[in-house]
Amino acid sequence: MDTSERTSDYIFTSGDIYFGNFKGVLAHGTGKYTWLDGTVYEGDWEDGKMTGKGKISWTSGATYVGELSAGYLHGFGTFNSPNGSFYRGSWRLNIQHGFGKKQYQNLDFYEGLWKEGMHEGSGSYVWCNGNMYIGSWKSGKICGRGVIKWSNGDLFDGFWLNGLRHGSGYYRFSDGSFYFGTWTKGLKDGRGTFYPTGSKSPNIKNWCSFDLHKGERDGVLPRSSSLGVEEHKVSKPSFKRSFSERISFTKYFRGSGRISSKSISLEEDWRLSNNVRDVANCDMSCMLSHTSSEGRSCNTGVVVYEREYMQGILIREKIMNKAGPTGKSRQWCKGKEATKKSCLNISKGNRSYYLMLNLQLGIRYTVGKITPVPLREVRESDFGESARIKMYFPRKGSQFTPPHKSSDFYWMDYCPMVFRNLRDMFKLDAAEYMISICGDDGLREHSSPGKSGSIFYVSHDDKFVIKTLKRSELEVLLKMLPNYYDHVKGHENTLITKFFGVHRIEWKCGKKVRFVVMGNMLRSELRIHHRYDLKGSCHGRITNKENIAANTTLKDLDLSYEFHMDRLLRESLFEQLHHDCKFLESQQIIDYSLLLGLHFRAPEHLKPLLESPDLLHGPENMSAGKASQGELFIPARGLLLVTHEPSIVSTTPGSHIRGNTLRAFSLGDREADLLLPDTGRLRVQLGVNMPAQANCKLLQDKIDPAEVELFEVYDVILFLGIIDILQEYNIKKKAEHACKSFQFDPMTISVVEPKFYSSRLINFLESVILVEEEVNHVEDEEVILVENEEV
């Protein structure tokens, strides 16, 4: 075979023409290929494929100059579209991938990171109207932390989700006023502080460093609404892949004699400009700080407002200290907040870093070791002392463990086959489980919400909670594990905490830390506005008002609502509560709680208030507006139960729940979905997405004159489950009961014998969760009609 290179031209039977170098019968070196339709490539070839640097010109007027590999745009190059848009940056297999900048046909401009043809990572986007965004992107949409500045001077610095403000942040108006708060899907949702023009606003940098990270760690997701000044919506660019962005060469290489291609490196400077790399690699806190400004001088004649919104509707407002936030008011913003820390970003001198790193290494090892073992029924031996996996993790690594940056430690996994079966019972995929806990995004550390002093970690996707255990708690868990396994297996809808693994870390110094991995009962796409820890007792079960923050977990005496629920939903709830409390009673467990999360729905008829900004300027105007009504607002229904349709809602059990779709009395004993106007459709399960109507017990004459309640009846969605089930009624607790009984009413204290404890909790819940007073029976055809109209 002739391997010498030669230059000649060749006309294919299809009419395509090649002129250039050959190696044998293949194009090799430099050459020009002209397709029958007029498309031309001129550049480097290797073994019959376009590889190296070259230029492609299409008959449409589009051109590409840059690197190619095996016939694909691959490497660095510039693509010019006939409509006037262009892209200059990195490519991978005909798709924009890596650093690059693009000017769109309408003169919008993006500069930053790309992934599979879409904006992904850090980048800046400048709209043709002058609006500009700098921050994080995901799948072509604004997502993560970022700053957007409108052409009129308004600015928002905070968190985003799918192009909408979603999380904590602050909004700076062009007139100098500020609003610090939280948003959910573009609307203000939750508590915030408004600083009018001329008031003393806090140091923006300090607020950013604390409050924004607080919102990120708490999973608080933001919304926005009017504050007397129009908050501008930014038109979201479309990032669909056009023909000019994702080019297929298939049609050009149909004949057996056709030539394929490879990649190029042009002689020009193909490196990205420094400012592109700066945008892509810049630390977000650095970028955001450039938009910040120091607090203004104080004008004591201007008031500052604490505000609370519900899906964009102002429901409560209170005047703060005229000179600015006092220590007491600032505590509302701080509270005992958790600190979001990625295990990859924490200082290596921090002990918490080592705990999380060791925990991730151990779980990755044991889950990976037990998952390949064929699934089988658990045996009695699976609960015993021998049912443990032990492994030594030296810092330098070993035959079975990877090297790591922590100190040497010993790892123990308790009852691995039992928890493997439990995870399978809860339909948890092993790979997803490990990614959630052991992924690059790490874990978030939370301070203890109770008196136990335990350390809490939450997975980056909020699916799992990891809690440190005392030795006594570990012993209780292992003791009750066989009966717990049988109870969970026999009650698909159980509300008891879902346990997924129990582990121990031990260092050479002898220090031991024990962990349990649980499902997060309050994980939801909806914002949880209030949380309650309910035990059914009243002694000491109230929260100091000065210590209440936006995410504080409240107690029994703080609950000012009674809930009215569909008859069948309520019956299902209390039937399971009786089963679960009976089980805990049989295990001599006390001190457990019902964790209750509330998502409030804003009344539809109050939304026109947003169009009347005069009502939102101050409490005096709001009071006047209320007085004209003569009574508190009674909202229309914001929730609707419709017949369950598996094809519309997700039926996949989550990490916090499993079980059947519940049946509703108002639907004629049929399975129910919950329809949320303007939001979506959710599957109703026990403890998840349970609709109810909340009646506020607060009397009108007890309302603070500086605070205005717009209404006392709410549509709510309940999330609930039983937590803290590892306290046994032992000798120590019996002594505590005897001691407190001399000082307080023994019926009101928390520490009582198990049977009375369970019955008291159920009686309390029955007094606050009632049957709906009015139940509308809907005929089949009417339900179908409602569903069609709403969907």
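As recorded in an unreviewed UniProt entry, the chain goes by Phosphatidylinositol 4-phosphate 5-kinase and comes from Heracleum sosnowskyi. According to UniProt, the comment filed for the chain under the heading Catalytic activity (unreviewed entry) is "a 1,2-diacyl-sn-glycero-3-phospho-(1D-myo-inositol 4-phosphate) + ATP = a 1,2-diacyl-sn-glycero-3-phospho-(1D-myo-inositol-4,5-bisphosphate) + ADP + H(+)".

*Asks:* Before we move on, can you summarise the overall build of the chain with the specific residues and values?
*Replies:* Along the backbone of the chain there are 13 helices and 40 strands. Residues counted as buried form 53% of the 791 residues belonging to the chain. Partitioning the contacts of the chain with sequence separation of at least 6, the portion at a separation of at least 24 is 60%. Surface accessibility of the chain: about 35,600 Å² in total, with carbon and sulfur atoms responsible for 51%.

*Asks:* An account of the environment of Leu 474 is requested, with residue identities and associated values reported.
*Replies:* Summarising the element assignment, Leu 474 is placed in helix α8 (residues 471–490). Looking at Leu 474, the relative accessible area reads 5%, which means it is buried. As a C-alpha pair, Leu 474 and Arg 514 span 40 residues in sequence and 7.6 Å in three-dimensional space. What Leu 474 contacts, discounting residues up to four positions off in sequence, is Tyr 414, Leu 469, Val 502 and Arg 514.

*Asks:* Kindly report on the packing of aromatic side chains, identifying the contributing residues and their values.
*Replies:* Across all of its chains, the model carries 47 aromatic pairs by this definition. Residues Tyr 125 and Trp 127 carry aromatic rings whose centres are separated by 4.7 Å and whose planes lie at 55 degrees to one another, so their mutual orientation is tilted. The class of Tyr 125 is buried, set by a relative accessible area of 1%. Positioned over the ring face of Phe 665 is Arg 567, at 5.5 Å from the centre of the ring.

*Asks:* Go over the nonpolar core, please, and point to the residues and values.
*Replies:* Within the largest apolar cluster, 123 residues are counted, with the highest numbers of intra-cluster contacts made by Tyr 561, Phe 563, Leu 573, Leu 718 and Ile 725. Broken down by element, the residue count for this core peaks at nine residues, all from helix α5 (residues 351–370). When near neighbours in sequence (up to four residues on either side) are disregarded, Ile 725 contacts Met 480, Ile 496, Phe 499, Leu 584, Ile 589 and Tyr 592.

*Asks:* Before we move on, could you go through the sheet that holds strand β22 (residues 409–414) and cite the residues and values that matter?
*Replies:* Within the open sheet, the seven strands sit side by side as β21-β22-β26-β27-β25-β24-β23. Their pairing is antiparallel. Two strands in the sheet have a free side with no partner beyond their single neighbour: β21 (388–393) and β23 (443–446). Sheet twist, expressed as the mean angle between neighbouring strand axes with direction ignored, is 25 degrees. Here three bridges tie strand β24 (residues 456–459) to strand β25 (residues 464–469), and the two strands are oriented antiparallel to one another. Each residue of the ladder has a partner; that of Tyr 457, found in β25, is Ile 466. Its contacts with the sheet put α8 on β21, β22, β25, β26 (499–507) and β27 (512–519), and the angle it makes with β25 is roughly 125 degrees.

*Asks:* Describe unusual backbone geometry, and please don't skip the residues or the numbers.
*Replies:* Even without being glycine, Asn 94 reaches a positive phi, approximately 75 degrees. Overall, Asn 94 belongs to the buried group, its relative accessible area being 3%. Within the chain, Asp 724 stands out as a residue other than glycine whose phi angle is a positive 55 degrees. Here Asp 724 shows up in the loop between β38 (713–723) and β39 (727–728).

*Asks:* Can you explain the sheet that holds β38? Please cite residues and give values.
*Replies:* What the seven strands build is an open sheet, ordered β29-β28-β32-β38-β37-β30-β40; its pairing is mixed. At either end of the open sheet lies a strand with only one pairing partner, and these are β29 (553–554) and β40 (769–771). In this sheet, β38 lies alongside strand β32 (residues 593–601) in antiparallel orientation, the contact comprising nine bridges. Directly across from Leu 598, in β38, lies its bridge partner Leu 718. Where helix α9 (residues 567–586) meets the sheet, its contacts fall on β30 (561–565), β32, β37 (690–696), β38 and β40, and the angle it forms with β40 comes to roughly 140 degrees. Docked against the sheet, helix α12 (residues 754–768) engages β28 (530–534), β30, β32 and β40, running at close to 55 degrees with respect to β40.

Cut-offs and rules
- Residues numbered from 1 in each chain as written.
- Predicted model: local features only at pLDDT ≥ 70, side-chain atom pairs only at ≥ 80, totals over all residues.
- Heavy atoms only, no water.
- UniProt positions renumbered as here; feature names shortened; annotations may be inferred.
- Helix = DSSP H or I, 4+ residues; strand = E, 2+ residues; numbered from the N terminus.
- Buried < 20%, exposed > 50% of the residue type's maximum accessible area, 1.4 Å probe, protein only.
- Contact = heavy atoms within 4.5 Å.
- Areas by Shrake-Rupley, 256 points an atom, 1.4 Å probe, with all protein chains shown as cover.
- Phe/Tyr/Trp six-rings, centres within 6.5 Å; stacked < 30°, edge-to-face > 60°.
- Lys NZ or Arg CZ within 6 Å of the ring centre and 35° of its normal.
- Core = buried A, V, L, I, M, F, W, Y, C linked by side-chain atoms within 4.5 Å.
- Pairing = 2+ DSSP bridges.
- Axes fitted to C-alpha atoms, helices over the stretch in contact; angles between N-to-C directions.

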